[in-house]
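Analysis of the macromolecular model
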Amino acid sequence: MRSMSDFGNDLYTGKVSFPFVGRRRLWFLIAAILVIGSALVPVFRPVQFSIEFTGGSQFTVNDVAKPDQLLATKAVQSVVPDAAPRVTTVGDDSLRIQTDQMGEIETREVTSALVEAYGVSDKSVSSSFIGPSWGESVTRQSLWGLAIFLVLTFVILALYFRTFKMSVAAMIGLVDVLVVTVGVYALFGFEISPAAVIGFLTILSYSLYDTTVVFDKIRENTFEDGEKSGRTFGESVNLAVNQTLIRSINTTVVAVLPTGAILFIGALWLGAQTLTDISLSIFVGTIVAAYSTLFVAAPLYSLLRENEADLKARDQRVVEARSAAVAAV
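Residue indices begin from 1 for each chain and proceed along its sequence in written order. Local features in this predicted model are restricted to residues of pLDDT 70 or higher, and side-chain atom pairs are both shown and tallied only at a pLDDT of 80 or more, whereas totals for entire chains, interfaces and linings draw on every residue. The basis for every side-chain value is the complete set of heavy atoms in the structure, and neither hydrogens nor water enter the calculation.

Going by an unreviewed UniProt entry, the chain carries the name Protein-export membrane protein SecF and comes from Microbacterium aquilitoris. UniProt positions are given in the numbering used here, feature names are shortened, and annotations may be inferred rather than shown by experiment. Taken directly from UniProt, the Subcellular location (unreviewed entry) text for the chain runs: "Cell membrane".

So, in structure tokens, the structure goes:
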């Protein structure tokens, strides 16, 4: 039975090769379906934003003997009949209830209703309020942070790789990761919070790191080897992706395992909501980032460069030399 090291060596030498570039139309079609589908999900199931973005009232009930979420819903609706509270269990004996903005009188009445529903003391129920202006400020700053990140990434990659086309391919890959990850959030009804936004920026950084490693190998194969390689430009790009495939898989697995442990054990089992927000975005985004680098960014860069006059001429010479060698045998 072949070992992983043997498989990796075959990928590096080109003995075994997956057609990342050769079947790019298929990969682009799949990517387009995922992106369009993710973009359409909010139309049928709107993205849920946390109270930090939308503003509203929040109640926390501690020392609960039996954290029944239905009791909290009934308690809130006994005061505000048309309310649609979002109730979350926190740990083993606490609940968090988030609602639309309430007035001072309604807040006191809901607090009393929660005390009565769960049979706890007044000190066990706390309330807080987040105004819509603060939520708008958080949203605006998050968008500015994302925009600045993308602009700086584009400039730095263009300077490092000495071609803006690598930056274009990398940026499209990053947008692909972001759209699909947000689409997954909307599809399963997960809430986007400031912690989730931090997770999004983290996975964009991871995606950028993975793409940079692959692109660095592409540059080595295409710029430094030149015509002496005996490969066309697309073949050199495809070889580079295969040569870094095992590294990408290993890096993704190493990143997903601890994040998955935090998500499924620390968050879903132990009920740490903040861990759920940030670990979920990183868990989903890491997987999407690995796919995007291999099946979107690298093949797209090859597509952007192959029609350049000098590369077309070089590829033609390589093909002609290869045909002449075959004819001479």
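From this point, things continue past the structure.
Working definition: two side chains of opposite charge can pair if their charged atoms are close together. Definition used for salt bridges: Asp or Glu carboxyl oxygen within 4 Å of a side-chain nitrogen of Lys or Arg. Counted by the stated rule, this structure contains seven salt bridges. In this structure, E104 and R108 form a salt bridge, with 3.1 Å as the shortest nitrogen-oxygen distance. Placement of both E104 and R108 in helix α5 (residues 104–118) is noted, with a separation of four residues, approximately one turn of the helix. Throughout, exposure labels follow a simple rule: accessible area from a 1.4 Å probe, protein chains only, divided by the maximum for the residue type, with under 20% read as buried, over 50% as exposed, and the rest as partly exposed. Take E104: its relative accessible area is 62%, and that puts it in the exposed class. In this structure, E308 engages R305 in a salt bridge whose closest nitrogen and oxygen atoms are separated by 2.6 Å. Accessibility expressed as a relative area gives 8% for R305, which makes it buried. It is possible to trace a salt-bridge network through shared partners that takes in K165, R305 and E308. The helix count covers DSSP runs of H or I at least four residues long, the strand count covers runs of E at least two residues long, and both are numbered beginning at the N terminus.

In the cavity and pocket records, a cavity denotes points on a 1 Å grid over the protein atoms alone where a 1.4 Å probe fits but cannot get out, a pocket denotes an open set with protein on both sides within 12 Å along at least 5 of 7 lines, and lining residues are residues with an atom within 4 Å of a point. Grid points are joined across faces, edges and corners, and a volume is the space filled by probe spheres set on the points. Looking at the largest pocket, its volume works out to about 280 Å³. Surrounding the largest pocket, 13 residues form its lining, L143, L146, I192, V197 and F200 being those nearest its centre. Residue assignment for the lining of the largest pocket shows that the elements contributing at least two residues are α6 (132–161), α7 (164–187) and α8 (194–224). Element by element, the count of residues in the lining of the largest pocket is highest for α6, at four residues. Among the residues making up the lining of the largest pocket, the classes are represented as 11 nonpolar, two polar and no charged. Nonpolar residues are Ala, Val, Leu, Ile, Met, Phe, Trp, Tyr, Cys and Pro. Charged residues are Asp, Glu, Lys and Arg, and all others, Gly as well, are polar.

Before going further, it helps to examine the nonpolar core. We call a set of buried residues a nonpolar core when its members are Ala, Val, Leu, Ile, Met, Phe, Trp, Tyr or Cys and they connect through side-chain atoms within 4.5 Å of each other. Ranked by size, the top nonpolar core spans 52 residues in total, and within it I192, L204, F215, I218 and Y301 carry the most contacts. If you tally residues by element for this core, the top one is helix α11 (residues 273–306), at 13 residues. A contact between two residues is defined here by any heavy atoms of the two lying within 4.5 Å. Once residues within four sequence positions are removed from consideration, L204 is found in contact with L146, F149, L174 and L178. In terms of nonpolar packing, the next biggest core, distinct from the first, is built from 19 residues, V64, V76, V80 and V125 among them.

With that settled, the discussion passes to the sheet that holds strand β5 (residues 125–130). In space, the four strands of this open sheet follow the order β3-β4-β2-β5, with antiparallel pairing throughout. For this open sheet the edge positions go to β3 (86–90) and β5, each flanked by a neighbour on one side alone. Averaged over all adjacent pairs, the angle separating strand axes in this sheet is 20°, with direction ignored. As defined by bridge partners, strand β2 (residues 56–61) adjoins β5 across six bridges and the pair is classed as antiparallel. Bridged to Q58 within β5 is S128. Each of β3 and β4 (94–99) touches helix α4 (residues 69–79); the most contacted strand, β3, lies at about 145° to it. In this analysis an axis means a line fitted to C-alpha atoms, helices contributing only their contacting stretch, and an angle means the value between N-to-C directions, from 0 to 180 degrees. Packing against the sheet, α5 makes contact with β2, β4 and β5, and its axis sits at approximately 25° to β2. For two strands to be treated as a pair, DSSP must find no fewer than two bridges joining them.

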